[in-house]
Amino acid sequence: MRVSCCFLLPKLCLIRVDAPICPAHDILLPRPELRLPVGLNRGGLKVPCLYEGSHPSLFEALQQFFAHPWHFHILFAQRSTDDAHISPETFFHLLASSTWAANLRILDQNIRRLAFDEIQRPNLRTTDDLHRQRRDLTTLLSEVNFLLKWLSPDVKSELTALKDTLPASKYIGYPDVILQDILENGNNLEKFLMDTFTLLLSTISVVDAEATKEQGRRTQMLTKLAFVYVPLSFVTGVFGMNVKEINGSQLSIWTSVVVLCVTGVSALVLFMGYDWLQSRKSTNR
């Protein structure tokens, strides 16, 4: 994505934004950013992209900026004086603070969706999404703190002077106040995110316990099934088909039946005794 910024006049700046890049699904591109030669730091003012959407677009950041009526009024409302216009530096600081505030709202929605909906049945995708949200939130807090540190005092003084030229009912949001609110709400969201990680670990433990319980139940069913077939296998292995009624052997078939009954009753007594001991241990606890 290419972004062109041209200062036509001291009070007029033209921004041209190309169409957003549409990468392939298997290619993860870093989010583009716009750095403008305004501000007190040497790196310039950073205007981020919105965190939502499948394709990064700086044009969407401008769209959400002008979706707020008070932004529109600052730029295009009727003034009491003809020279009451904001400078490009003030405009871009308003754009940056508005975009960071929108990104915080997006992160808040995503984190709460993960915390209240998807965490109930977590998987690897849930864990990856939480880590991505934590990365984006950490980046946001760092960039907002840096922007607030190098915010020029001329921005607020210019907006204060501009407010006197607007009707009393018109609202103006100062970038320093907006950035302070972002830091406060972002820190609270970070605490909520860490609590979500703790809840995720607890949920995973509960899910693992349920899976272990289900495996134990299936093992118990297999044991009960073995209770029927183990005595039969034992008697068959001992006697085979060597009985008088089949191949003229000296042993009668009733000998096999008696041994089978004794073996089955013995196995039943052992299983019942084991269950009784387990129930006694559970009662004593």
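Since this is a predicted model, take the numbers as computed values, not measurements. (Residues numbered from 1 in each chain as written. Predicted model: local features only at pLDDT ≥ 70, side-chain atom pairs only at ≥ 80, totals over all residues. Heavy atoms only, no water.)

Asker: What exactly am I supposed to notice about a nonpolar patch on the surface here?
Answerer: Taken together, the side chains of Leu40, Phe146 and Trp150 define a hydrophobic patch exposed on the protein surface, amounting to about 290 Å² of accessible area. Mapped onto the secondary structure, tryptophan 150 falls in the loop between α4 (124-149) and α5 (153-163). (Patch = residues over 30% accessible without salt bridge, like charges linked within 9 Å, V, L, I, M, F, W, Y side chains within 5 Å. Areas by Shrake-Rupley, 256 points an atom, 1.4 Å probe, with all protein chains shown as cover. Salt bridge = Lys/Arg side-chain N within 4 Å of Asp/Glu carboxyl O. Helix = DSSP H or I, 4+ residues; strand = E, 2+ residues; numbered from the N terminus.)

Asker: Is there a simple way to think about the environment of tyrosine 171 in this case?
Answerer: Tracing the sequence through the fold places tyrosine 171 in the loop between α5 and α6 (175-239). It is 9.1 Å that separates the C-alpha atoms of tyrosine 171 and histidine 71, two residues lying 100 residues apart in sequence.

Asker: For this particular structure, what's the right way to read the packing of helix α3 (residues 88-116) against α5?
Answerer: Two numbers describe a pair of packed helices, the interaxial angle and the distance between the axes. Interaxial distance between α3 and α5 falls to 9 Å at its minimum, and their mutual angle equals 100°. Considering the angle they form, α3 stands roughly perpendicular to α5. Taking contact as the criterion, the partners of Glu89, Thr90, His93 and Leu94 in α3 are, on α5, Val155, Glu158 and Leu159. Residue classes in the contact of α3 with α5 are distributed as three nonpolar, two polar and two charged. (Axes fitted to C-alpha atoms, helices over the stretch in contact; angles between N-to-C directions. Parallel < 35°, antiparallel > 145°, perpendicular 65-115°, else oblique. Contact = heavy atoms within 4.5 Å. Nonpolar A, V, L, I, M, F, W, Y, C, P; charged D, E, K, R; others polar.)

Asker: What should I look at first to understand the nonpolar core in this one?
Answerer: A general feature of soluble globular proteins is that nonpolar side chains tend to end up buried together. With 47 residues, the main nonpolar core has Leu137, Leu140, Leu159 and Ile182 as its most contacted residues. Elements represented by at least two residues in this core include exactly β3 (34-36), β4 (45-47), α1 (58-66), α2 (69-76), α3, α4, α5 and α6. Top element by residues in this core is α3. It accounts for twelve residues. Residues in contact with leucine 140, not counting those within four places in the same chain, are Tyr51, Trp100, Asn103, Leu104, Leu107 and Ile182. (Core = buried A, V, L, I, M, F, W, Y, C linked by side-chain atoms within 4.5 Å. Buried < 20%, exposed > 50% of the residue type's maximum accessible area, 1.4 Å probe, protein only.)

Asker: Where do I start with the pattern of salt bridges in this structure?
Answerer: A side chain with one charge may pair with a side chain of the opposite charge, provided their charged atoms come close. Taken as a whole and judged by the stated rule, the model has nine salt bridges. Among the ionic pairs, arginine 121 bridges to glutamate 210, the shortest N-O distance being 3.6 Å. In this pair, arginine 121 is assigned in the loop between α3 and α4 and glutamate 210 in helix α6, connecting sequence segments 89 residues apart. Arginine 121 sits in the exposed class, given a relative accessible area of 58%. Residue aspartate 136 pairs with arginine 135 through a salt bridge whose shortest N-O separation is 3.4 Å. By relative accessible area, which is 7% here, aspartate 136 ends up buried. Within this structure, Glu214, Arg217 and Arg218 form a network of salt bridges that share partners.

Any functional reading would require information that these geometric values do not contain.
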